[in-house]
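Single-letter residue listing:
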Amino acid sequence: GDRNSLHAGCPVGANLTKWSANKWVRIKPHNAKGEWIENHPALKRHGYTGTGAPPPDPNACPVVFHNEAAVPVDLMWLHPVTGLPTKLASISAGGRSSQNSFR
């Protein structure tokens, strides 16, 4: 795998909130199109079982959240303008939730 993509996550303590965010850095011009690479090792590593074509929405990015806590957690989204939180999903202890992120 790509060692540059590894990261560590710390467990959330009882009655505490864990915040996380992504910062994407683009090294190509915004008008440059991405290239689909058949049989790329990351496809198998992440369990991709699609048809070999990219997702229909070029602005979509599928994300899977894993809850490794022993208690259920809520997946929240903060509106970028109002800052108001919206609950996207509840994830059971040891459960997963698939979501789409869009640019």
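Before reading further, recall that the structure is shown in the block above.
About the cut-offs
- Residues numbered from 1 in each chain as written.
- Predicted model: local features only at pLDDT ≥ 70, side-chain atom pairs only at ≥ 80, totals over all residues.
- Heavy atoms only, no water.
- Helix = DSSP H or I, 4+ residues; strand = E, 2+ residues; numbered from the N terminus.
- Salt bridge = Lys/Arg side-chain N within 4 Å of Asp/Glu carboxyl O.
- Buried < 20%, exposed > 50% of the residue type's maximum accessible area, 1.4 Å probe, protein only.

Student: I would appreciate a short explanation of unusual backbone geometry in the present structure.
Tutor: Residues other than glycine predominantly adopt negative phi, and peptide bonds predominantly adopt the trans conformation. For N15, which is not glycine, the phi torsion reads 60° and is therefore positive. With respect to the secondary-structure elements, N15 resides in the segment before α1 (41-45).

Student: Looking at this structure, I do not really get the pattern of salt bridges. What am I missing?
Tutor: For side chains of opposite charge, pairing can occur when their charged atoms come near one another. Scanning all chains against the criterion turns up one salt bridge. Where K87 meets D74, a salt bridge forms, and the shortest distance between an N and an O atom there is 3.6 Å. With K87 in strand β3 (residues 85-91) and D74 in strand β2 (residues 73-78), the pair connects residues that are 13 residues apart, well separated along the chain. Looking at K87, the relative accessible area reads 48%, which means it is partly exposed. Residue class for D74 comes out partly exposed when judged on its relative accessible area of 46%.

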